[in-house]
Amino acid sequence: PAARGLDIEAHAADARLVLAMLRSGAFGPSVSTQPVVALGGSFSSAVLARLVRAAPDDIAGWVTVGGIGNAFSGAADFYSGRTVVPPEYALAIPALGPANLFPLPFLRYSPVYSAGSLPPTLIIHTEADAILRLEQAEQLAAAARAAGVDVETFYYADVSHYLGIGANMTDEGEEMFYRILQFVARVKA
């Protein structure tokens, strides 16, 4: 819910509850109780990173779109001015504290450091992303591959962090949707 604001841990706890309800059959017989493929991007990628680690048996695969791979390098990009952060998130990184003094929050939201526990992974990112630079995706893909995780990547050439979807759909945006569907079909097979 919106009341959670930027509280990543609360969002992750809510998601774990929904997964537990799903797996118990609480949503009725027409909803599968099998592990899911989770999708998150940008801010919600931090929530998803926590969820994937907390509920590994409930997640068959995950898709991260314009997501955080390494919160340490993301914070370094922020403080060096290499990124542009939307005003509503301007205090999110400073609120975590200095990474050299308080590394735990940065580790929690950095799937590069727990890549060996990731399920099959689809990483989608844009080369033009000024909020979470492409290096986030590249670092995550390299760490996951080094850990032996099944990884697919799709890097856009010409759209921003918020993708070119909806009324501004690009050919690459359309391709992204098909790649996600193909990934889900493969992982759930």
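For the structure itself, consult the block above.
Residues numbered from 1 in each chain as written. Predicted model: local features only at pLDDT ≥ 70, side-chain atom pairs only at ≥ 80, totals over all residues. Heavy atoms only, no water.

## Quick notes on the overall build of the chain
- If you tally the helices and strands in the chain, you get seven helices and four strands.
- Shown N-terminal to C-terminal, the secondary structure of the chain runs as helices and strands in the order α-β-α-β-α-α-α-β-α-β-α.
- Overall size of the chain, expressed as C-alpha extent along the three principal axes, is 50 × 40 × 35 Å.
- Every one of the 189 residues in the chain was classed for burial, and the buried ones make up 42%.
- Residue pairs at least 24 apart in sequence account for 67% of intrachain contacts in the chain once pairs closer than 6 positions are excluded.
- Of the roughly 9,500 Å² of accessible surface on the chain, a fraction of 60% belongs to carbon and sulfur atoms. (Helix = DSSP H or I, 4+ residues; strand = E, 2+ residues; numbered from the N terminus. Buried < 20%, exposed > 50% of the residue type's maximum accessible area, 1.4 Å probe, protein only. Contact = heavy atoms within 4.5 Å. Areas by Shrake-Rupley, 256 points an atom, 1.4 Å probe, with all protein chains shown as cover.)

## A word on the nonpolar core
- Ranked by internal contacts, the top residues of the largest apolar core, which has 21 residues, are Ile59, Trp62 and Leu118.
- Counting only elements with at least two residues in this core, the list comes to helix 1 (8-24), helix 2 (43-54), strand 2 (59-65) and helix 6 (134-146).
- Sorting elements by how many residues they give to this core places helix 6 first, with six residues.
- Among all residues touching Leu118, those that are not within four sequence positions of it are Val52, Trp62, Pro111, Leu140, Ala144 and Val149.
- Among the nonpolar cores identified, the runner-up in size contains 12 residues, and Val63, Val65, Met176 and Phe183 belong to it. (Core = buried A, V, L, I, M, F, W, Y, C linked by side-chain atoms within 4.5 Å.)

## Focus: the environment of Thr126
- Position of Thr126 relative to the elements: it lies in strand 3 (residues 121-126).
- Overall, Thr126 belongs to the buried group, its relative accessible area being 2%.
- A sequence separation of 37 residues divides Thr126 from Leu163, and the C-alpha atoms of the two residues are 7.7 Å apart.
- When near neighbours in sequence (up to four residues on either side) are disregarded, Thr126 contacts Leu134, Tyr156, Val159, Ser160, His161 and Leu163.
- Of the polar contacts made by the side chain of Thr126, one reaches the backbone nitrogen of Asp129; its length is 3.2 Å. (Polar contact = N/O pair within 3.5 Å; in protein donor to acceptor, adjacent residues only side chain to side chain.)

## Focus on the sheet that holds strand 3
- Spatially, the four strands line up as an open sheet ordered 1-2-3-4, and their pairing is parallel. Two strands bound the open sheet, and with one partner strand each, they are strand 1 (36-41) and strand 4 (151-156). With strand direction ignored, the average angle separating the axes of adjacent strands in the sheet is 15°.
- Relative to strand 3, strand 2 is paired through four bridges, and the arrangement is parallel. Following the sheet pairing, Trp62 is matched in strand 3 by Thr121.
- Sheet strands in contact with helix 2 are strand 1 and strand 2, and its direction is about 145° off that of strand 1.
- On top of the sheet, helix 6 reaches strand 2, strand 3 and strand 4; it is set at about 165° to strand 4, its chief contact. (Pairing = 2+ DSSP bridges. Axes fitted to C-alpha atoms, helices over the stretch in contact; angles between N-to-C directions.)

## Quick word on helix 3 (residues 71-80)
- Of all the residues in helix 3, the buried ones are Ala71, Ser73, Gly74, Ala75, Asp77 and Phe78.
- If you follow the buried residues of helix 3, they end up packed against helix 4 (92-95), helix 5 (103-108) and helix 6.
- A side-chain oxygen of the first residue of helix 3 lies 2.9 Å from the backbone nitrogen of Phe72; this N-cap is Asn70.
- Backbone geometry just downstream of helix 3 places Gly81 in the positive-phi region, at approximately 80°.

## Thoughts on a negative patch on the surface
- A cluster of acidic residues, Glu127, Glu138, Asp158, Asp171 and Glu174, forms a negative patch on the protein surface.
- Take Asp171: it is sitting in helix 7 (residues 171-188).
- The exposure class of Asp171 is exposed, given its relative accessible area of 68%. (Patch = residues over 30% accessible without salt bridge, like charges linked within 9 Å, V, L, I, M, F, W, Y side chains within 5 Å. Salt bridge = Lys/Arg side-chain N within 4 Å of Asp/Glu carboxyl O. Lys, Arg positive; Asp, Glu negative; His and termini not counted. Charge placed at Lys NZ, Arg CZ, Asp CG, Glu CD.)

## Considerations on helix 6
- Over its 13 residues, helix 6 extends 18 Å from the first C-alpha to the last, a length consistent with the 18 Å expected when each residue adds 1.5 Å.
- Residues of helix 6 that are buried: Leu134, Gln136, Ala137, Leu140, Ala141, Ala143 and Ala144.
- Elements in contact with the buried residues of helix 6: strand 2, helix 3, strand 3 and strand 4.
- Positive phi shows up at Gly148, right after helix 6, with a value of about 85°. (Expected span 1.5 Å × (residues − 1).)

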